[in-house]
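Fold and contact review
Chain by chain, the residues run as shown.
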Amino acid sequence: MLDDDADQAEEEKPLKQRKNGLYPGVSDELAESMKSGWADTELHGLEPIPQAAYTAARRAALSARFPGERLVIPAGNLKTRSNDTEYPFRASVEYAYLTGNLTEDGVLVLEPATNGHKATIYLLPRSDRENGEFWLSGQGELWVGRRHSLTEAEQLYGIPASDVRELTDALREATGPVRVVRGYDAGVEAALTDKVTAERDEELRVFLSEARLVKDEFEAGELQKAVDSTVRGFEDVVKVLDKAEATSERYIEGTFFLRARVEGNDVGYGSICAAGPHACTLHWVRNDGPVRSGDLLLLDAGVETHTLYTADVTRTLPINGTYSEIQKKIYDAVYEAQEAGIAAVQPGGKYRDFHDASQRVLARNLVEWGLVEGPVERVLELGLQRRWTLHGTGHMLGMDVHDCAAARTETYVDGTLEPGMCLTVEPGLYFQADDLTVPEEYRGIGVRIEDDILVTEDGNRNLSAGLPRRSDEVEAWMASLKG
């Protein structure tokens, strides 16, 4: 990384200078030279982003829910990774959902108006060329790239835009009821500290979480894009399993990440590339273990699109291309449980139905294998199957991999499925390497199968059907890719 040497450009607004920069200062002549000789790069006639009509409808629904109140939704700020390097920025889901803008420091403000609200998006404008910010600041244009001008932003997002650096003063002077989405921008929250309450702000957060339970047409399309890229990422991994055997799980992680970065924004969450007994660790993201022929690979990964919608897919693959007898026995039981779960995803059904259906199949198999004493009803009532399955069978999916997490229990876990909802169905069985309650041949085998299911008017659609699930189909698919 290059060494940026910031100096004071204006006495009243100094730019931060690195302590050990190689340039001690800026001459008047250089400062003057940098002010001129630059072409006008303003962009004109920009088309609105594809989701602009959808974000406008979402803001209208938010406005109707909280009439007469000022609503403040921040994007968030850069977070330091170490010293003067930052983590890649990801806008808050609430802000991105309502605006489509993904840049740091942005804030959406809905101010009460005679008829609803007036929306304004507060953003950092183009970095200043008069005071030298564009080349002296570590966040200046020549260091991190060009930002859109406020005029350009208005064309793209369909919202009047203002300079975010003026926002905190305006918020301090604001009167009337205010709500803010907390946890993203400490400066915004400090400016509102005497105007908001935790209870009222939580109501805003809950509403925005529940608003995302049912996906609109644009969102369903983005989720399908995410899944399609994820399918290609899984194919990439199968093709290089020999290289992973020669190195480690990191090769699998890197291979999938390449697809995510080429076709999307990033991975939607830390990829789980768990080979052998690591598959029994539910969120194994260290990915530093060996990849051995004869073991299983549990790959749980998802591509995140440029609009921040993520897939979440899991396949458990035989590294050498063929399941052993015991691996197939366990895999087929999980497959049967997933089939039952997917069949239970129906509009008008209870959200819990797919979980209950899957767990019943898993419990029955555990009883039949003699690993737990029946009958099945007793096992389910006492939750005894959880020793080997532990987690719930799925969750809502969207801009967060565990989407809508702040929604009320009665509208989520205890709610009813509606067309447009998208959820995962992901049963699993995990026999820890040190579990002395099961026969030795079971130990160290972990299996999970996960697909992304969209509720439709007449049933459901498996967005990730492009990846085979049945054990014989998985083997044939792997053979075709390796061949």
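How each quantity is defined
- Counting of residues starts from 1 at the beginning of each chain's written sequence and follows it residue by residue.
- Residue-level local features of this predicted model are given only where pLDDT is at least 70; pairs of side-chain atoms are given and counted only at 80 or more, and the full residue set underlies all totals for whole chains, interfaces and linings.
- Derived side-chain values reflect all non-hydrogen atoms in the structure, with water molecules and hydrogen atoms excluded from consideration.
- Each helix corresponds to a stretch of at least 4 residues labelled H or I by DSSP, and each strand to a stretch of at least 2 residues labelled E; elements are numbered beginning at the N terminus.
- Burial classes: relative accessible area under 20% of the type maximum marks a residue as buried, over 50% as exposed, and values in between as partly exposed (1.4 Å probe, protein chains only).
- For this analysis, residues touch if any pair of their heavy atoms sits within 4.5 Å.
- Here the Shrake-Rupley method, with its probe set to 1.4 Å, supplies the accessible areas, and only the displayed protein chains count as covering residues.
- Charged residues are defined narrowly, with Lys and Arg counted positive, Asp and Glu counted negative, and His plus the chain ends left uncounted.
- Charge coordinates come from a single atom per side chain, which is NZ of Lys, CZ of Arg, CG of Asp or CD of Glu.
- Comment: axis = line fitted to C-alpha atoms, over the contacting stretch for helices; angle = value between 0 and 180 degrees taken between N-to-C directions.
- Less than a right angle of anticlockwise turn of the near helix away from the far helix marks a crossing as left-handed, whereas a clockwise turn marks it as right-handed.
- By the convention adopted, Pro, Cys, Tyr, Trp, Phe, Met, Ile, Leu, Val and Ala count as nonpolar, Lys, Arg, Asp and Glu as charged, and the other residues, Gly among them, as polar.
- Put plainly, a pocket is an open set of points on a 1 Å grid over the protein atoms alone with protein on both sides within 12 Å along at least five of seven lines, a cavity is a set where a 1.4 Å probe fits but cannot get out, and a lining residue has an atom within 4 Å of a point.
- Grid points are joined across faces, edges and corners, and a volume is the space filled by probe spheres set on the points.
- UniProt positions are given in the numbering used here, feature names are shortened, and annotations may be inferred rather than shown by experiment.
- Planes of paired rings set the category: under 30 degrees apart is stacked, over 60 is edge-to-face and the rest tilted, where pairs are Phe, Tyr or Trp rings (Trp by its six-membered ring) whose centres lie within 6.5 Å.
- Just so you know, the domain bounds were taken from an automatic or database domain assignment.
- In this description, buried area is defined as the sum, over both parts, of the accessible area (probe of 1.4 Å) that is lost when the two are combined.
- The term salt bridge refers to a side-chain nitrogen of Lys or Arg lying within 4 Å of a carboxyl oxygen of Asp or Glu.
- Nitrogen and oxygen atoms within 3.5 Å of one another constitute a polar contact, given that in protein one can donate a hydrogen and the other can accept it, and given that sequence-neighbouring residues count only through two side-chain atoms.
- To obtain the arc, one takes the directions from the helix axis to the C-beta atoms.
- Two strands pair under a simple rule: DSSP has to find at least two bridges between them.

When helices and strands are tallied, the chain shows 17 helices and 17 strands. Summarising its shape, the C-alpha atoms of the chain cover approximately 80 × 55 × 40 Å along the three principal directions. In the chain, which comprises 483 residues, the share counted as buried stands at 50%. Considering only residue pairs separated by 6 or more positions, the chain has 67% of its internal contacts joining residues 24 or more positions apart. Put simply, the chain shows about 22500 Å² of open surface, and 50% of that area lies on carbon and sulfur atoms. Taking the average location of the 52 positive side-chain charges in the chain and that of its 84 negative ones, the two points are 2 Å from each other.

So, about the packing of helix α10 (residues 217-239) against helix α12 (residues 249-263). Two elements in contact, α10 and α12, have axes whose closest approach is 9 Å; the angle formed by their N-to-C orientations is 145 degrees. By crossing handedness, the relation of α10 to α12 is classed as right-handed. In this structure, α10 contributes Ser229, Thr230, Arg232, Gly233, Phe234, Asp236 and Val237 to the contact, and α12 contributes Ile252, Thr255, Phe256, Arg259 and Glu263. In the contact of α10 with α12, the residues fall into four nonpolar, four polar and four charged.

The next point concerns the layout of surface pockets. Counted as a void, the second largest pocket has a volume near 270 Å³. Every residue lining the second largest pocket is counted, 15 residues in all, and those nearest its centre are His283, Asp300, His395, His402 and Glu426. Residue classes in the lining of the second largest pocket are distributed as four nonpolar, six polar and five charged.

Residues annotated in UniProt with the feature "domain: Aminopeptidase P N-terminal" (unreviewed entry) correspond here to residues 49-189. Helix makes up 33% of residues 49-189 and strand makes up 22%, while its end C-alpha atoms are separated by 29 Å.

Attention now goes to unusual backbone geometry. The omega torsion across Gly374 and Pro375 is 5 degrees, close enough to zero to call that bond cis. Here Pro375 is to be found in the loop between α14 (353-368) and α15 (376-382). The phi dihedral of Asn83 falls on the positive side, at around 55 degrees, and the residue is not glycine. With respect to the helices, strands and loops of the structure, Asn83 is situated in the loop between β2 (80-82) and β3 (85-86).

Below, the discussion takes up the packing of aromatic side chains. Counted according to the given criterion, the structure contains nine aromatic pairs. Each member of the aromatic cluster is reached from another via a ring pair, and the members are Tyr351, Phe354 and Tyr412.

Okay, the domain arrangement of the chain next. Domain annotation for the chain reports domain 1 (44-212) and domain 2 (217-482). With 15 residues of domain 1 at the interface, the matching set in domain 2 holds 17 residues. Summed over both sides, the interface of domain 1 with domain 2 buries roughly 1400 Å², with 55% coming from carbon and sulfur. Contact with domain 2 buries area across many residues of domain 1, yet Arg90, Glu210 and Arg212 alone supply 36% of it, more than any other trio. Taken together, the connections running from domain 1 to domain 2 amount to four salt bridges. Salt-bridge contacts for Glu210 lead to Arg408; the nearest nitrogen and oxygen are separated by 2.7 Å. Remark: the boundary between domain 1 and domain 2 carries 11 residue pairs in polar contact (both at pLDDT 80 or more).

A word on helix α6 (residues 150-157). Taken as a whole, α6 has its buried residues at Leu150, Glu152, Ala153, Leu156 and Tyr157. Here the buried residues of α6 occupy an arc of 150 degrees about the axis, which is enough to place them on one side. For α6, the elements touching its buried residues are α2 (52-65), α3 (93-99), β5 (116-123) and β6 (161-163). Looking one or two residues beyond α6, the residue adopting positive phi is Gly158, at roughly 70 degrees.

Attention shifts here to the sheet that holds strand β17 (residues 459-462). Across the sheet, three strands lie side by side as β13-β16-β17; this open sheet has antiparallel pairing. Only two strands of the sheet have a single partner each, and these edge strands are β13 (422-425) and β17. Recorded for the sheet is a direction-independent mean angle of 40 degrees between the axes of neighbouring strands.

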